[in-house]
Amino acid sequence: MEQLPLKPIKKVSGSVTLPGSKSLSNRILLLAALCDGVTEVRNLLDSDDIRHMLAALDVMGVKVELNDDKTVALVHGNGGQFKTPSEPLFLGNAGTAFRPLTAVLAATQGKFTLTGEPRMEERPIGHLVDALDALGADVTYLKNEHYPPLDIVGKKLQGGTVEIDGSISSQFLTALLMAAPIFDGDSEIKISGELVSKPYIDITLGVMRQFGVVVEHDNYQVFYVKGQQGYTSPKSIMVEGDASSASYFVAAAAIAGGEIEINGVGKSSVQGDIGFAKVMEQVGAKIEWFDEKLIVKKGQLMGVDIDANAIPDAAMTLATVALFAEGKTAIRNIYNWRVKETDRLYAMATELRKVGAEVVEGEDFIEITPPEEFKLAEIDTYNDHRIAMCFSMVSVGGQPVTINDPGCTAKTFPTYFDVLASISHH
Ligand SMILES: O=C(O)C1=C[C@@H](OP(=O)(O)O)[C@@H](O)[C@H](O)C1
Ligand SMILES: C=C(OP(=O)(O)O)C(=O)O
């Protein structure tokens, strides 16, 4: 296994340009494929999660031309006339590929098998499949009930009134919303359970709007989508920078100072994870807000107690910021950390203890008290990009640390450690 020893960092300064948002990239690619005609996608993310979506589109007969650094794509949409692939669609551990493709393929002609990495087979999809079943779709579990891999025999779906449980992942609702405009009739989608990760639904509705589909809703409880609409290509579309990826640089500047300019997200961001910068202001970071840029400086950091349900990905970064804040930090209402790339509550608690923090791991929360004395540790990353990126904060705080399997950042940010090195002073 590769290991990356990180030396203590004294100061960070300079400027970073964020790679494109994972959430936007995969939504845009799929909707562009469902259009007739060509869509130019600019600032596309080049990472594993996007590669899996691109590979799936390729074997289903959607032509996508990429520029040399794979950040501009010309997607030749074929109106959703997907070719039945001769082999299973392997989607890695990309939730933003697996869930939306499940719903869209269930509603288009063809036969598809969707598989993924071993961890994908442990990530639930039952709430989405239940809703698709209720709409008359033909989706079969190939191994364990409620989990991938899946067999899908796609067909025209009529729509109608359907319930979907929103309490484990917002991606199930996102998937159903993205498929609903290609149903034959209108849909009324009712949420059961408390809808988690709500800002991701705004990302979905925003991208659908850019592709010509307007969804009405009653306070995120009932969604109304007209059938037989199809999507209309915006011709050219820009992916804004990844707000979850921004969290590491916001945190680094807040911990180690100097000043960092973060280009690609700002006050006009459509991504909920921009809310992490607001949380960091509460923690003590000094932030200047521009439309598509942030300038962040160090501050006196204090532990906070927050409900992080709306920002599950970026909130992980707060768990390592907590190592350098005064007093206790509590991150609450994050049960679904347990069903992501790994059981993130367990993994975070375990690795934070290795560096000397006192940690309480609750069923849906984590409380962190910073170490009295840091311990030299090798951090296991559980094939979870965010654990690897979060624990680089230990070095940002002036402590040496070793990151095991640093290559796992390829899921969303393959160049992360190079970018961090480019702003680091030892
Ligand atoms: O829709 C999306 O793009 C995402 C939704 C969130 O998942 P959940 O809704 O499962 O919390 C988030 O954690 C994931 O990284 C991306
Ligand atoms: C939860 C994540 O990914 P996915 O899109 O696979 O759910 C993540 O990127 O933190």
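Residues numbered from 1 in each chain as written. Chains lettered and ligands numbered in written order. Predicted model: local features only at pLDDT ≥ 70, side-chain atom pairs only at ≥ 80, totals over all residues. Heavy atoms only, no water.

**Here we look at the UniProt feature "active site" (unreviewed entry) in the protein chain**
Then step 1. Feature annotation in UniProt assigns "active site" (unreviewed entry) to the following positions: Asp313.
Then step 2. Looking at the secondary structure, you find Asp313 in the loop between strand S19 (305-307) and helix H9 (315-321).
Then step 3. Look at Asp313 and you get buried, because its relative accessible area is 7%.
Then step 4. Asp313 has contacts with Lys22, Tyr200, Ser244, Asp273, Lys340, Arg344 and Arg386, leaving out every residue within four places of it along the chain.
Then step 5. Within the local environment of Asp313, its side chain forms a polar contact with the side chain of Tyr200, the two groups lying 3.4 Å apart. (UniProt positions renumbered as here; feature names shortened; annotations may be inferred. Helix = DSSP H or I, 4+ residues; strand = E, 2+ residues; numbered from the N terminus. Buried < 20%, exposed > 50% of the residue type's maximum accessible area, 1.4 Å probe, protein only. Contact = heavy atoms within 4.5 Å. Polar contact = N/O pair within 3.5 Å; in protein donor to acceptor, adjacent residues only side chain to side chain.)

**Observations concerning the UniProt feature "binding site: phosphoenolpyruvate" (unreviewed entry) in the protein chain**
Then step 1. The residues that UniProt annotates with the feature "binding site: phosphoenolpyruvate" (unreviewed entry) are Lys22, Gly95, Arg123, Gln171, Arg344, Arg386 and Lys411. Checking the annotated residues one by one, the ones that line the largest cavity turn out to be Lys22, Gly95, Arg123, Gln171, Arg344, Arg386 and Lys411.
Then step 2. Turning to its location among the elements, Gly95 is positioned in helix H3 (residues 95-106).
Then step 3. With residues near it in sequence (within four places) discarded, Gly95 still touches Pro100, Met120, Arg123 and Gln171.
Then step 4. In terms of polar contacts, Arg386 uses its side chain to reach the side chain of Tyr248, at 3.2 Å. (1 Å grid on protein atoms, 1.4 Å probe; cavity = no way out; pocket = protein on both sides within 12 Å on 5 of 7 lines; lining within 4 Å.)

**Remarks on a negative patch on the surface**
Then step 1. Taken together, the side chains of Asp130, Asp133, Asp138 and Glu145 present a region of like negative charge at the surface.
Then step 2. By the secondary structure assignment, Asp133 is in helix H4 (residues 126-134). (Patch = residues over 30% accessible without salt bridge, like charges linked within 9 Å, V, L, I, M, F, W, Y side chains within 5 Å. Areas by Shrake-Rupley, 256 points an atom, 1.4 Å probe, with all protein chains shown as cover. Salt bridge = Lys/Arg side-chain N within 4 Å of Asp/Glu carboxyl O. Lys, Arg positive; Asp, Glu negative; His and termini not counted. Charge placed at Lys NZ, Arg CZ, Asp CG, Glu CD.)

**Re empty space enclosed by the protein**
To locate leftover empty space, one rolls a probe as large as a water molecule over the atoms.
Then step 1. Scanning the entire structure with this criterion turns up four cavities of 30 Å³ or more.
Then step 2. In this model, the largest cavity occupies a volume close to 290 Å³.
Then step 3. For the largest cavity, the lining is made up of 26 residues, of which Lys22, Arg123, Gln171, Asp313 and Lys340 are closest to its centre.
Then step 4. Those elements giving two or more residues to the lining of the largest cavity turn out to be helix H1 (22-34), H3, helix H5 (171-179) and helix H11 (385-396).
Then step 5. Residue composition of the lining of the largest cavity, grouped by class: five nonpolar, ten polar and eleven charged.
Then step 6. Of the pockets and cavities examined, the second largest cavity occupies roughly 50 Å³. (Points joined across faces, edges and corners; volume = space filled by probe spheres on them. Nonpolar A, V, L, I, M, F, W, Y, C, P; charged D, E, K, R; others polar.)

**Focus: the confidence of the model for the protein chain**
Detailed reading of predicted coordinates is not advised where the pLDDT is low.
Then step 1. The predicted model of the protein chain has a mean per-residue pLDDT of 98, with 100% of residues at 70 or higher.
Then step 2. Interface confidence for the predicted complex, given as ipTM, is 0.99, next to a pTM of 0.98. (pLDDT = per-residue confidence, 0-100.)

**Some points on the site of ligand 1**
Then step 1. Near ligand 1 you find Lys22, Ser23, Arg27, Thr96, Ser169, Ser170, Gln171, Ser197, Tyr200, Asp313, Asn336 and Lys340, and these make up its full shell.
Then step 2. Here Ser197 contributes a side-chain N or O atom positioned 2.6 Å from an oxygen atom of ligand 1.
Then step 3. Relative to its unbound accessible area of 390 Å², ligand 1 is 96% covered by the protein chains.
Then step 4. When atom positions are compared with the pocket grids, ligand 1 is found to occupy the largest cavity.
Then step 5. No other element matches the three residues that H1 contributes to the shell around ligand 1.
Then step 6. Of the residues belonging to the shell around ligand 1, the class tally is one nonpolar, seven polar and four charged. (Near = heavy atom within 4 Å. Sits in = over half its atoms within 2 Å of the grid points.)

**Some words on unusual backbone geometry**
Phi is mostly negative for residues that are not glycine, and the peptide bonds are mostly trans.
Then step 1. Here Pro148 and Pro149 are connected by a cis peptide whose omega angle stands at 0°.
Then step 2. One non-glycine residue, Lys70, lies in positive phi territory at about 60°.
Then step 3. One can find Lys70 in the loop between strand S5 (63-66) and strand S6 (72-78).
Then step 4. Look at Tyr220: it is not a glycine, yet its phi comes out positive at around 60°.
Then step 5. Within the secondary structure layout, Tyr220 lies in the loop between strand S13 (216-218) and strand S14 (222-225).

**Description of the sheet that holds S13**
In sheet architecture, strand pairing relies on hydrogen bonds along the backbone and comes in two forms, parallel and antiparallel.
Then step 1. Here four strands make up an open sheet; going across it, the order is S11-S12-S14-S13 and the pairing mixed. For this open sheet the edge positions go to strand S11 (160-165) and S13, each flanked by a neighbour on one side alone. Between one strand axis and the next, the sheet turns through 20° on average, direction left out of account.
Then step 2. In this structure, strand S12 (residues 187-192) lies alongside S14, joined through four bridges in antiparallel fashion. Looking across to S14, one finds that Lys190 is bridged to Val222. (Pairing = 2+ DSSP bridges. Axes fitted to C-alpha atoms, helices over the stretch in contact; angles between N-to-C directions.)

**So, the side chain of Asp384**
Then step 1. With respect to the helices and strands, the residue Asp384 is situated in the loop between strand S23 (378-379) and H11.
Then step 2. Judged by relative accessible area, Asp384 falls into the buried class, the value being 0%.
Then step 3. Beyond its immediate sequence surroundings of up to four residues, Asp384 is in contact with Met316, Glu341, Thr342, Arg344 and Cys408.

**Section: the environment of Ile311**
Then step 1. Among the secondary structure elements, Ile311 is positioned in the loop between S19 and H9.
Then step 2. Classification of Ile311 as buried rests on a relative accessible area of 7%.
Then step 3. Linking Ile311 and Ser244, residues 67 residues apart in sequence, is a C-alpha distance of 8.6 Å.
Then step 4. With residues up to four places along the chain from it excluded, the contact list for Ile311 reads Gly272, Asp273, Phe276 and Val279.

**Digging into the pattern of salt bridges**
Then step 1. This structure, assessed with the given rule, holds 21 salt bridges.
Then step 2. The partner of Arg51 in a salt bridge is Asp48, with the nearest N and O atoms 2.6 Å apart. Here the residue Arg51 and the residue Asp48 both occupy positions in helix H2 (residues 48-59), the gap between them amounting to three residues, near one helical turn.
Then step 3. For Arg51, a relative accessible area of 44% puts it in the partly exposed group.
Then step 4. Relative accessible area serves as the criterion here: at 25%, Asp48 is assigned to the partly exposed category.
Then step 5. Notably, a salt bridge pairs Glu341 with Lys411, separated by 2.8 Å at the nearest N-O pair.

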